[in-house]
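# A structural walkthrough
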Amino acid sequence: MTVTIFLGSLLLAMAIGIPIAFALLISGVALMWHLDLFDAQILAQNVINGADSFPLLAVPFFMLAGEIMNVGGLSKRIVKLALTLVGHVPGGLGYVAIMAAVILAAVSGSAVADAAALASLLLPMMVAAGHNKERSAGLIASAGIIAPVIPPSIGFVIFGVAANVSISKLFLAGIVPGILLGVALALTWWWLVRREDVAPPKRATRAELTVALREAVWALGLPIIILVGLRMGVFTPTEAAVVAAVYALFVSMVVYRELSWHQLADIFRASARTSAVVMFLVAAAMVSAWLITVADLPSKVIGMLEPFMGNPTLLLIAIMLLVMVVGTAMDMTPTILILTPVLMPVVKAAGIDPVYFGVLFIINNAIGLITPPVGTVLNVVAGVGRMSMSQVTRGVTPFMLAQLAVMFLLVLFPSIVMVPLRWLGG
C-alpha cells in the first residue's frame, strides 16, 4: 500500500503536467499523510537540508564552466583539433564528432551542453559533406551522452550525494566506460557509412595541425588539471568544479579573448537558471528520500527482488531493465534522485560495489537522455538541427543499441570498471 501511494501520487501529479520537483513534494506529502507523519516543519526542514550540501556546489560550477566553454571558444577549438586529426579519413566527420564529444565530456560534464555545441558546429558540416542528416544527428546525440560518464560528471555528483558514495572514486571509475562508449559509437558509425560515397575533408597539413594543437592546448589542459588534482588529493570534486569555472573564464577572456564582460551577465543567468532547476529537484527529492527510509520501502523492494539476490549479475540485469523503462519517461536527474534511495539498500544487500553500481546506473540514465518520448538530448539536437523528434530518433537508434551493448558488457565483466579504479584511485 505504501509503494502504491508513493508511486501513484507521483505519477498522477506528473500526468496532469505538474513539474517533477513539485510532483516529488506532492508524493512526499501524500506519503506523510498515509504514515500519519504530516508536519510542515519536517517538510520544510528536509527541503532545506536537501540543498544544503557542500558536494552539490559542484553542480552550478560545472554548469557555469560548460556555459563559458561554449561561448568562450573552448568547444570550438576542441572540435577544430579533432577535425585536423581524423577529419580526412572516410567518414571522418563522424569520428570528429565522437572524438570531440569525448574531449568535451572531460571538460563540461553536461550532456545537453555538449550535444548543443556539437550539433551547432558539426551537423551543418556533415550534411554539407553528404552524410545522411538523420544518422548524423543521431550520432551527435549519442556522442553527447558520454558527458555524464567521463569525469567531471554532474550525474556522478548527484548520485554520489544521494547514495553517500565517494564522488572522486566515481569520477575515476567512469573513465574507461566512457571511452568504451565512444569506441562503440565509432564502430557503429564505421559499419553504417562504409558504403557511403562521401568525400572526406582533405588531410590537414602539419602546419594546420600544429596551429590547431596550439590553439586547443589551453582547453585540453582543463581535464588534465581536474583529473591530476583529484588523483593527487589537491582538491575535492566541488573545488575541482570551481577550478574548472575559473580556468574556463580565464582562458576565454584572457587567452582566447572571445568572451567579453557584457556577455558574462547572460552566462551567469543561464547557468543560474539551469542550476536552480537541478538544485530544487534535489531539495524536493530529499523529502521523498527521507520518507522512503521511514516507510522502509527498500526492504519491500528487497523482498520483491529476493529471487535475484543470490546472483548479482541477474540482479543487475533486472535493475538495468527497470532503469531503462523509467528512463524513457523521466529525465536523468529525477531518475537518479527517486531511484537511488530505493535501489542502494538492495545493491548493498546483494554485496555489489556501490561505485561499480553507480557507474552502470549513470550510464543507463545517460542513455535515457536519447530514448523517446522524453529524451532531453534528442530534443536539443532536434531543435538545433531543425528536425523532428522522429527523424532524430530513427538516426539515434543504432548508436543507442551499441551503447546499451556496452552497458550490459560491463554488467557481465565488472573488472572492466573496477581494475582501472584500483590502479588509478586505490
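Residues numbered from 1 in each chain as written. Predicted model: local features only at pLDDT ≥ 70, side-chain atom pairs only at ≥ 80, totals over all residues. Heavy atoms only, no water.

### Focus: the overall build of the chain
Helices and strands together make up the secondary structure of the chain, namely 21 helices and 0 strands. Radius of gyration (C-alpha) of the chain: 21 Å, near the 22 Å computed for a compact globule of 426 residues. Expressed along its principal axes, the backbone C-alpha trace of the chain runs to roughly 70 × 50 × 45 Å. Within the chain, the fraction of its 426 residues that count as buried is 53%. Summarising the internal contacts of the chain: among those between residues at least 6 apart in sequence, 78% fall at separations of at least 24. For the chain, the computed accessible surface area is about 17,700 Å², with 68% contributed by carbon and sulfur atoms. Here the chain contributes 21 positive and 17 negative side-chain charges, whose respective centroids are spaced 13 Å apart. (Helix = DSSP H or I, 4+ residues; strand = E, 2+ residues; numbered from the N terminus. Rg over C-alpha atoms; globule rule 2.2 N^0.38 Å. Buried < 20%, exposed > 50% of the residue type's maximum accessible area, 1.4 Å probe, protein only. Contact = heavy atoms within 4.5 Å. Areas by Shrake-Rupley, 256 points an atom, 1.4 Å probe, with all protein chains shown as cover. Lys, Arg positive; Asp, Glu negative; His and termini not counted. Charge placed at Lys NZ, Arg CZ, Asp CG, Glu CD.)

### Comments concerning the environment of Ala 186
Considering the arrangement of structural elements, one finds Ala 186 in helix H11 (residues 175-193). Look at Ala 186 and you get partly exposed, because its relative accessible area is 21%. Sequence-distant contacts of Ala 186, defined by excluding residues within four places in its chain, comprise Tyr 95 and Ile 98.

### Structural notes on the environment of Met 389
Take Met 389: it is sitting in helix H20 (residues 389-412). For the pair formed by Met 389 and Pro 372, sequence separation is 17 residues and the distance between their alpha carbons is 8.2 Å.

### What to know about the packing of aromatic side chains
Under the definition given, this model contains 8 aromatic pairs. A ring pair is formed by Phe 159 and Phe 361, whose centres lie 5.7 Å apart and whose planes are at 55°; its orientation type is tilted. Residue Phe 159 is located in helix H9 (residues 154-163), and its partner Phe 361 is located in helix H18 (residues 354-368); the two are separated by 202 residues in the primary sequence. With respect to burial, Phe 159 and Phe 361 carry one shared label: buried. Taking the centre distance of 6.3 Å and the plane angle of 55° together, the rings of Trp 218 and Phe 250 count as tilted. With Trp 218 in helix H12 (residues 206-231) and Phe 250 in helix H13 (residues 237-255), the pair connects residues that are 32 residues apart, well separated along the chain. (Phe/Tyr/Trp six-rings, centres within 6.5 Å; stacked < 30°, edge-to-face > 60°.)

### Let's talk about the packing of helix H6 (residues 92-105) against helix H7 (residues 111-129)
The interhelical angle for the contact between H6 and H7, taken along N-to-C directions, is 170°, at an axis separation of 10 Å. On the basis of the axis angle, H6 is roughly antiparallel to H7. In this structure, H6 uses Leu 93, Gly 94, Val 96, Ala 97, Ala 100, Ala 101, Leu 104 and Ala 105 to contact H7, whose residues at the interface are Asp 114, Leu 118, Leu 122, Met 125, Met 126 and Ala 129. (Axes fitted to C-alpha atoms, helices over the stretch in contact; angles between N-to-C directions. Parallel < 35°, antiparallel > 145°, perpendicular 65-115°, else oblique.)

### Remarks on a nonpolar patch on the surface
Residues Val 217, Trp 218, Phe 250 and Val 254 make up a contiguous nonpolar surface patch of about 350 Å² in total accessible area. At the level of elements, H12 and H13 are the ones that each hand at least two residues to the nonpolar patch. Positionally, Val 254 belongs in helix H13. Residue Val 254 is classed as partly exposed on the basis of its relative accessible area of 45%. (Patch = residues over 30% accessible without salt bridge, like charges linked within 9 Å, V, L, I, M, F, W, Y side chains within 5 Å. Salt bridge = Lys/Arg side-chain N within 4 Å of Asp/Glu carboxyl O.)

### Here's the deal with the side chain of Thr 84
Mapped onto the secondary structure, Thr 84 falls in helix H5 (residues 74-86). Setting aside residues up to four positions removed in sequence, Thr 84 forms contacts with Ala 204, Glu 208, Leu 209 and Ala 212.

### Comments concerning H5
Given a rise of 1.5 Å per residue, 13 residues ought to cover 18 Å, and the 19 Å separating the end C-alpha atoms of H5 matches this to within 8%. Listed as buried for H5 are Leu 74, Ser 75, Arg 77, Ile 78, Val 79, Leu 81, Ala 82, Thr 84 and Val 86. Looking at the packing, one finds that the buried side of H5 touches helix H4 (58-72), H6, H7, H12 and H13. (Expected span 1.5 Å × (residues − 1).)

### Some remarks on helix H2 (residues 20-34)
When the terminal C-alpha atoms of H2 are compared, their 21 Å separation across 15 residues agrees well with the 21 Å that a helix rising 1.5 Å per residue should span. Along H2, the residues that are buried comprise Ala 21, Ala 23, Leu 24, Leu 25, Ser 27, Gly 28, Leu 31 and Met 32. Two residues or fewer after H2 comes Asp 36, characterised by a positive phi angle close to 60°.

### A closer look at the confidence of the model for the chain
Residue-level pLDDT values for the chain average 83, and 94% of them are 70 or greater. When mean pLDDT is compared element by element in the chain, H18 scores highest at 94, while helix H15 (residues 297-304) scores lowest at 68. (pLDDT = per-residue confidence, 0-100.)

### So, the nonpolar core
If you look at the biggest cluster of nonpolar residues, it comprises 142 residues, and the most contacted ones within it are Phe 62, Ile 140, Phe 159, Phe 357 and Val 377. The residues contacting Phe 62, other than those within four sequence positions of it, are Ser 108, Pro 152, Ile 154, Val 157, Phe 171, Ile 226, Pro 237, Ala 240, Ala 241 and Ala 244. (Core = buried A, V, L, I, M, F, W, Y, C linked by side-chain atoms within 4.5 Å.)

### Some remarks on unusual backbone geometry
Cis rather than trans, the peptide bond between Pro 151 and Pro 152 has omega equal to 0°. Tracing the chain through its elements places Pro 152 in the loop between helix H8 (133-144) and H9. In this structure, Asn 164 is a non-glycine residue whose phi angle is positive, near 60°. With phi around 55°, Arg 257 is a residue other than glycine that occupies positive phi space. Mapped onto the fold, Arg 257 is located in the loop between H13 and helix H14 (261-294).

### Let's talk about the side chain of Thr 340
Along the chain, the position of Thr 340 falls in helix H17 (residues 332-349). The exposure class of Thr 340 is buried, given its relative accessible area of 1%. Residue contacts for Thr 340: discarding those within four places in its chain leaves Phe 159, Ala 162, Ala 163, Thr 335, Pro 345 and Phe 361.

### Notes on the packing of H9 against H18
Between H9 and H18, the least distance of the axes is 10 Å, while the angle of their chain directions is 135°. By the angle between their axes, H9 is oblique relative to H18. For the crossing formed where H9 meets H18, the hand is right-handed. The segment H9 lies against H18, with Gly 155, Phe 156 and Phe 159 engaging Pro 354, Phe 357, Gly 358, Val 359, Phe 361 and Ile 362. A class-by-class count of the residues in the contact of H9 with H18 yields 7 nonpolar, 2 polar and no charged. (Left-handed = near helix turned anticlockwise from the far one by under 90°. Nonpolar A, V, L, I, M, F, W, Y, C, P; charged D, E, K, R; others polar.)

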